[in-house]
Amino acid sequence: MPETDTSAQPSTPAAGGTGSPPAFADAVRDETSLRRFLHGLPGVDAVGLEQRAAGLATRSIKKDSKLWAIDTAISMVDLTTLEGADTAGKVRTLCAKGRRPDPEHPDVPRVAAICVYPDMVETAVAALGDSGVGVASVATAFPSGRSSLRVKLADTAYAVEAGATEIDMVIDRGAFLSGRYGQVFDEIRQVKAACGSAHLKVILETGELATPDNVRRASWLGLLAGGDFIKTSTGKVSPAATLPVTHVMLQAVHDWHAATGELRGVKPAGGIRTTKDAIRYLVAVHEVAGPAWLDPHLFRFGASSLLNDLLMQRRTQLQGHYSGPDYVTVD
């Protein structure tokens, strides 16, 4: 796997994220045009998709490349706690881990962001200080997305005002599956506007979309509406992230870049727990989207326990023997 292309930086969607690039102006002119565009996308060969994902998952990584892959994966983690029992103390502890994942090895990269509920954003911002770790907040009636637009926008504004640098919103899957694409598009666009300078990740909840064709349509809908990232899942629904679904989303951002020149990101979340899993996703990123996406600006892992295994496997690579959970902080 080649070195990360550090020149790849996220671009701002056209019109500050409130409109689509000129290449797709006709596609979003009205509900009928949007439906025609989304249903005109090439169908996904589900059998071929599964076979390609399984084939890429067998790729082996040599020792030097494996250490690079582990460090790259660590730098892509959105370290997450989204529980009703979350406390300020738990969030501060998570932030300390995000800033210095392995205190005995200061060369370990920091994580990309800490992801929390809106009411914990202020605590996370204070704990992270000027560390460079972002603060991501779920919003828009997470995880169901079942509320009024007014409430969703207020939820977003609350998190942004508290200091969130990234917003993870959920789409209304009921509206999408009912074919009300214009409603979903407008909600994403208005949430993006409410984000201000914060980046927007659009959660598709792919486990509820049922088919790869729906995942492709939802991916394009999120991109057309101005999402900086498209994200697989809330982590609250099974199945969450899967390699085949992530392949579809990576292909969408690749094709978007080819059509517009804009770089948008992908975030699989939920169920990614081991270093082996993470490396399989990195191989998919390289082969499907391209090496430019091997960068935390363009690819993230939404995870709570993945970091623990990455740290243990990193020590194994350096020391030549397995380091169990007694040697790292396990959440």
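Structure: above.
Residues numbered from 1 in each chain as written. Predicted model: local features only at pLDDT ≥ 70, side-chain atom pairs only at ≥ 80, totals over all residues. Heavy atoms only, no water.

> Teacher, can you tell me more about the nonpolar core here?
Buried together is how nonpolar side chains tend to be arranged in soluble globular proteins. One finds Ile114 and Phe301 to be the most contacted residues of the largest nonpolar core, which totals 90 residues. In terms of residues, this core owes the most to one element, helix 11 (residues 275-289), which gives nine residues. Those residues in contact with Phe301 that lie beyond four places of it in its chain are Ala73, Met76, Val77, Asp78, Lys267, Pro268, Ile272, Ala278, Tyr281, Leu282 and Leu306. By size, the runner-up hydrophobic cluster in this structure holds eight residues, among which are Leu82, Ala113, Val138 and Ile203. (Core = buried A, V, L, I, M, F, W, Y, C linked by side-chain atoms within 4.5 Å. Buried < 20%, exposed > 50% of the residue type's maximum accessible area, 1.4 Å probe, protein only. Helix = DSSP H or I, 4+ residues; strand = E, 2+ residues; numbered from the N terminus. Contact = heavy atoms within 4.5 Å.)

> Whenever I open this one, the sheet that holds strand 3 (residues 134-139) confuses me. Can you help?
In sheet architecture, strand pairing relies on hydrogen bonds along the backbone and comes in two forms, parallel and antiparallel. With respect to topology, eight strands assemble into an open sheet ordered 7-6-5-4-3-2-1-8, the strand pairing being parallel. Looking along the sheet, the strands with just one partner apiece sit at the ends: strand 7 (265-267) and strand 8 (301-303). On average, adjacent strands in this sheet sit at an angle of 25° to one another, irrespective of strand direction. Looking at chain direction, strand 5 (residues 199-203) and strand 6 (residues 229-231) are connected through three bridges and run parallel. In the sheet register, Ile203 faces strand 6, and the bridge partner there is Lys231. (Pairing = 2+ DSSP bridges. Axes fitted to C-alpha atoms, helices over the stretch in contact; angles between N-to-C directions.)

> I would appreciate a short explanation of the side chain of Thr81 in the present structure.
Inspection of the secondary structure assignment puts Thr81 in the loop between strand 1 (77-80) and helix 4 (88-99). Relative accessible area serves as the criterion here: at 4%, Thr81 is assigned to the buried category. A distance of 2.6 Å separates polar atoms of two side chains, one belonging to Thr81 and the other to Asp86. If we ignore the near neighbours within four places in the chain, the residues touching Thr81 are Asp86, Lys90, Val91, Leu94, Cys115, Val116 and Tyr117. (Polar contact = N/O pair within 3.5 Å; in protein donor to acceptor, adjacent residues only side chain to side chain.)

> How should I be thinking about the pattern of salt bridges in this particular structure?
Where side chains of opposite charge bring their charged atoms close, a pairing between them can arise. Within this structure, the stated rule accounts for 22 salt bridges. Put simply, Asp26 and Arg29 hold a salt bridge, and the shortest N to O gap is 3.3 Å. Arg29 matches Asp26 in its accessibility class, with the two residues each being exposed. Residues Glu166 and Arg300 are paired through a salt bridge, measuring 2.9 Å at the closest nitrogen-oxygen approach. You can see Glu166 sitting in strand 4 (residues 166-170) and its partner Arg300 sitting in the loop between helix 11 and strand 8, a full 134 residues away along the chain. Grouping residues by exposure puts Glu166 and Arg300 together as buried. It is possible to trace a salt-bridge network through shared partners that takes in Asp78, Glu166, Asp168, Lys201, Lys231, Lys267 and Arg300. (Salt bridge = Lys/Arg side-chain N within 4 Å of Asp/Glu carboxyl O.)

> Would you take a moment to explain helix 1 (residues 31-39) for this structure?
The α-helix winds at 3.6 residues per turn, so residues separated by three or four positions along the chain end up facing the same way. Listed as buried for helix 1 are Ser33, Leu34 and Leu38. Taken around the axis of helix 1, the buried residues stretch over an arc of 125°, which confines them to a single face. Close packing links the buried residues of helix 1 with helix 8 (181-195) and helix 9 (212-224). Residue Asp30 occupies the N-cap position of helix 1, its side-chain oxygen lying 3.3 Å from the main-chain nitrogen of Thr32. (Arc of directions from axis to C-beta.)

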